[in-house]
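Listed below are the residues making up each chain.
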Amino acid sequence: AAQEIARRQHEGSLSADDAAHLRHFVEHGYIMLEGLLDDALLDAVNREIDQAIRDGHQGYVYGSSQRLEHLHKHYPNVRRLWLDERHLRMLDLIFGVRARPCQTLTYVFGSQQDPHQDTIHLTPFPAGYMCGTWIALQDVVADSGELIVYPGSHREPRLRMGEVGCAKVRNGDWSEFG
C-alpha cells in the first residue's frame, strides 16, 4: 500500500494531504476529515432529522437508541449529504474505484451497541470493498454517543456469523452479536 501511495503521489494523482490521509488509513483503519463539509448542509440535514423525529418516522421514539434507516430516500438534504463528493472522493482514493453509497443509518442518540465488526453484517462483493463513514452532525464531546474505533482493527481477520456460531439478530436483540 505504501508503494502504491508513493507511486500515485509521484505521478501527481495524489496531493501530499491525500497521501498522508491514505497512509493514516492503511496504518490505523480510519481517517478524520474535520471541517470537510459546510455548516449550511449540516444544518439542513439536522432540520430534516428533526422533522423525521417530529413525524415519528419509522416509529421513532425520541430518547431511544433506535436508528432511522435510509433517510436519504425521504429527505433531499440527507440525500445531498449521502452523495456529497467531498467525502466520497476519499473513498474513491482508498478503493481505487468509484464509491457507491448503499445505505444511511441515522442515530439521534448513540446506538448503545457493544463493539463489533460491521463486516459481519455487511458482506460486500468483492470482499473488503466496504467502508463505513460516520458524519458527525454536531460537535463531538466525551459521552455524546460518539463512534468508537479501535485503531488497527481493520487488519483483524474478517468474522462471519456461521464461523463464530452467532445467530442472526432478531427482533432488535443484539446481545449475542455484541
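Residues numbered from 1 in each chain as written. Predicted model: local features only at pLDDT ≥ 70, side-chain atom pairs only at ≥ 80, totals over all residues. Heavy atoms only, no water.

A word on the pattern of salt bridges
Taken as a whole, this structure holds eight salt bridges when the rule is applied. The residue Arg86 makes a salt bridge to Asp38 at a minimum N-O spacing of 2.9 Å. With Arg86 in helix 5 (residues 85-95) and Asp38 in the loop between helix 2 (16-28) and helix 3 (39-55), this residue pair connects regions lying 48 residues apart in the sequence. A relative accessible area of 30% means that Asp38 is categorised as partly exposed. A salt bridge links Arg86 to Asp84; the shortest N-O distance between them is 2.7 Å. Looking at Arg86, the relative accessible area reads 32%, which means it is partly exposed. (Salt bridge = Lys/Arg side-chain N within 4 Å of Asp/Glu carboxyl O. Helix = DSSP H or I, 4+ residues; strand = E, 2+ residues; numbered from the N terminus. Buried < 20%, exposed > 50% of the residue type's maximum accessible area, 1.4 Å probe, protein only.)

Regarding the packing of helix 2 against helix 5
Look at helix 2 against helix 5: their axes get within 11 Å of each other, and the N-to-C directions meet at 65 degrees. Comparing their axes, helix 5 and helix 2 come out roughly perpendicular. Here helix 2 and helix 5 pass one another in a crossing that is right-handed. Listed contacts from helix 5 to Asp18, His21, Leu22 and Phe25 of helix 2 are Arg89, Met90, Leu93 and Ile94. Residues belonging to the contact of helix 2 with helix 5 are distributed by class as follows: five nonpolar, one polar and two charged. (Axes fitted to C-alpha atoms, helices over the stretch in contact; angles between N-to-C directions. Parallel < 35°, antiparallel > 145°, perpendicular 65-115°, else oblique. Left-handed = near helix turned anticlockwise from the far one by under 90°. Contact = heavy atoms within 4.5 Å. Nonpolar A, V, L, I, M, F, W, Y, C, P; charged D, E, K, R; others polar.)

Digging into the confidence of the model for the protein
Here the protein averages 89 in pLDDT, and 98% of its residues register 70 or above. For the protein, per-element mean pLDDT is lowest for helix 6 (residues 161-164), which scores 79, and highest for helix 4 (residues 76-82), which scores 98. (pLDDT = per-residue confidence, 0-100.)

Section: the side chain of Asp92
When you line up the elements, Asp92 lands in helix 5. Side-chain polar atoms of Asp92 contact the side chain of Arg98, separated by 2.7 Å. (Polar contact = N/O pair within 3.5 Å; in protein donor to acceptor, adjacent residues only side chain to side chain.)

Quick notes on the nonpolar core
Grouped burial of nonpolar side chains is what soluble globular proteins tend to show. If you look at the biggest cluster of nonpolar residues, it comprises 13 residues, and the most contacted ones within it are Val45, Leu71 and Leu81. If you list the elements that add at least two residues to this core, you get helix 3 and helix 4. Here this core takes six residues from helix 3, the largest share from any one element. With sequence-adjacent residues up to four places away left out, Val45 is seen in contact with Asn77, Val78, Leu81 and Leu137. (Core = buried A, V, L, I, M, F, W, Y, C linked by side-chain atoms within 4.5 Å.)

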